[in-house]
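# Close look at the chain arrangement
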Amino acid sequence: MTEVRNSRTASSGSGGRNKCRQPPPSVLKDSKAFSGFSVDDIPKAKQFYGGTLGLEVSDAQGLLKLHVAGGATVLIYPKPNHTPATFTVLNFPVTNIEKAVERLTESGVRFERYEGTLKTDSLGIFRGRGPLIAWFKDPAGNILSVLEQKG
């Protein structure tokens, strides 16, 4: 007679037999995730993201919500002991990076200049491996970028 065990029985006390398990059903699969980052001054952030960058911004209980293309939301929250991120917290894909850099520069955005491995050109655009990309900072010192994506 052949012994039949379910996966729970087989995995608990089977001496290593039948260790195949089904992945658990994801409780997050259909969640509309969003990202967020901190700043040290919400009014300055609102002016920068809404005014300088021209993004749709709303206030929500002392927080800012950036409403970006595609229906996504990015949460910006105040943090008194804020330390700027040392990595890019938000990327903006554009079809023409030179035009985007030019328009943003006219709006008062200052693009970062790097030497060495990430050497940027006179416009602040990195033209090495990967997509063309230019980095800039928000008033709290967080790093943002525009990067060229065709089509």
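Sequence order as written defines the numbering, with residues in each chain counted from 1. Thresholds applied to this predicted model are a pLDDT of at least 70 for local features of residues and 80 or more for the giving and counting of side-chain atom pairs; totals over whole chains, interfaces and linings are not thresholded and use all residues. Hydrogens and water molecules were not included; the side-chain quantities draw on all heavy atoms of the structure.

Here the rule is simple: two strands pair whenever DSSP picks up at least two bridges between them. The way it works is that DSSP assigns letters per residue, a run of H or I at least four long becomes a helix, a run of E at least two long becomes a strand, and they are numbered from the N terminus. With mixed pairing, the four strands of this open sheet are ordered in space as β1-β4-β3-β2. Strands at the two margins of the open sheet, each flanked by one partner only, are β1 (35-39) and β2 (56-60). With direction set aside, neighbouring strand axes in the sheet form an average angle of 25°. For strand β3 (residues 63-67) and strand β4 (residues 73-78), the ladder comprises four bridges, and the chain directions are antiparallel. Pairing of Lys-65 across the sheet is with Leu-75, part of β4. Axis definition: a line fitted to C-alpha atoms, limited for helices to the stretch in contact. Angles are taken between N-to-C directions and run from 0 to 180 degrees.

The next thing to look at is the pattern of salt bridges. Any Lys or Arg side-chain nitrogen found within 4 Å of a carboxyl oxygen on Asp or Glu counts as a salt bridge. Across all of its chains, the model carries seven salt bridges by this definition. Across the salt bridge formed by Glu-98 and Arg-127, the nearest N and O atoms sit 3.0 Å from each other. On the criterion of sequence distance, the pair formed by Glu-98 in helix α3 (residues 97-106) and Arg-127 in the loop between β6 (125-126) and β7 (133-137) is long-range, its members being 29 residues apart. Burial classes follow relative accessibility: with a 1.4 Å probe on protein chains only, a residue under 20% of its type's maximum area counts as buried, one over 50% as exposed, and anything between as partly exposed. Taking relative accessible area as the criterion, Glu-98 reaches 29% and is therefore assigned partly exposed.

Another point: the packing of aromatic side chains. Ring pairs are drawn from Phe, Tyr and Trp, using the six-membered ring of Trp, whenever the two centres fall within 6.5 Å, and their geometry is named by plane angle: stacked under 30 degrees, edge-to-face over 60, tilted for the rest. Here the structure, examined in full by the defined rule, presents five aromatic pairs. Each ring, one from Tyr-114 and one from Trp-135, has its centre 5.5 Å from the other, and the planes form 75°; the classification is edge-to-face. With Tyr-114 in the loop between α3 and β6 and Trp-135 in strand β7, the pair connects residues that are 21 residues apart, well separated along the chain. Judged by its relative accessible area of 10%, Trp-135 falls in the buried class. Considering the side-chain rings of Phe-126 and Trp-135, the 6.1 Å spacing of their centres and the 40° angle between planes classify their relative orientation as tilted. Cluster of aromatic residues (ring-pair linked, three or more members): Phe-37, Phe-48 and Tyr-49.

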